[in-house]
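Tertiary structure, described
The primary structure of each chain is shown beneath.
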Amino acid sequence: MAKLYDVTLTFNPADYDGEVKTVGVRGEFLFYRSNLTGHTDETGMVENDPKYPPAQYEDGMASIGGLYYKEMSLDQSGVYSASFKLPAGMYCYSFVVNAEVGEPSDDPRASWS
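Residues numbered from 1 in each chain as written. Predicted model: local features only at pLDDT ≥ 70, side-chain atom pairs only at ≥ 80, totals over all residues. Heavy atoms only, no water.

Examining the confidence of the model for the protein
Of all residues in the protein, 75% have pLDDT values of 70 or greater, and the mean over the chain is 82. The low-confidence segment residues 108-113, where pLDDT is below 50, has eleven contacts with residues more than four positions distant or belonging to other chains. (pLDDT = per-residue confidence, 0-100. Contact = heavy atoms within 4.5 Å.)

Observations concerning the pattern of salt bridges
One pass over the full model with this rule turns up two salt bridges. Across the pair Lys85 and Asp6 runs a salt bridge, and its minimum N-O distance is 2.5 Å. With a gap of 79 residues between them, Lys85 in strand 7 (residues 80-87) and Asp6 in strand 1 (residues 4-11) connect regions that are remote in the sequence. For Asp6, a relative accessible area of 62% gives the class exposed. In this structure, Arg33 and Glu58 form a salt bridge, with 2.9 Å as the shortest nitrogen-oxygen distance. (Salt bridge = Lys/Arg side-chain N within 4 Å of Asp/Glu carboxyl O. Helix = DSSP H or I, 4+ residues; strand = E, 2+ residues; numbered from the N terminus. Buried < 20%, exposed > 50% of the residue type's maximum accessible area, 1.4 Å probe, protein only.)

Overview of unusual backbone geometry
Even without a glycine there, the phi angle at Asn98 is positive, about 55°. Take Asn98: it is sitting in the segment after strand 8 (93-97). Owing to a relative accessible area of 30%, Asn98 belongs among the partly exposed residues under this scheme.

Here's what the structure looks like:
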């Protein structure tokens, strides 16, 4: 079984030039089952295969990149944070300040974000 690591990302609004109302983290934290019928790790996933966020990660899943967004919480010291359990690997991410998050799109071009 793959070991999952506790990861906490933090954002200090004192380091940001401008007003901060909300902060989220957007990153390549999506996974898929690499043993899907008719698929191999070499061919990867196809458009309609399900994508899973970190909380639904299961042993044997592969990272697909994609974009996952999580709102960060403001603590008593004035720092925003978000925590995940992730398998070892490299994950690109960015902070999104004052995001206006809407409803999920039915447009297939936005299926990973």
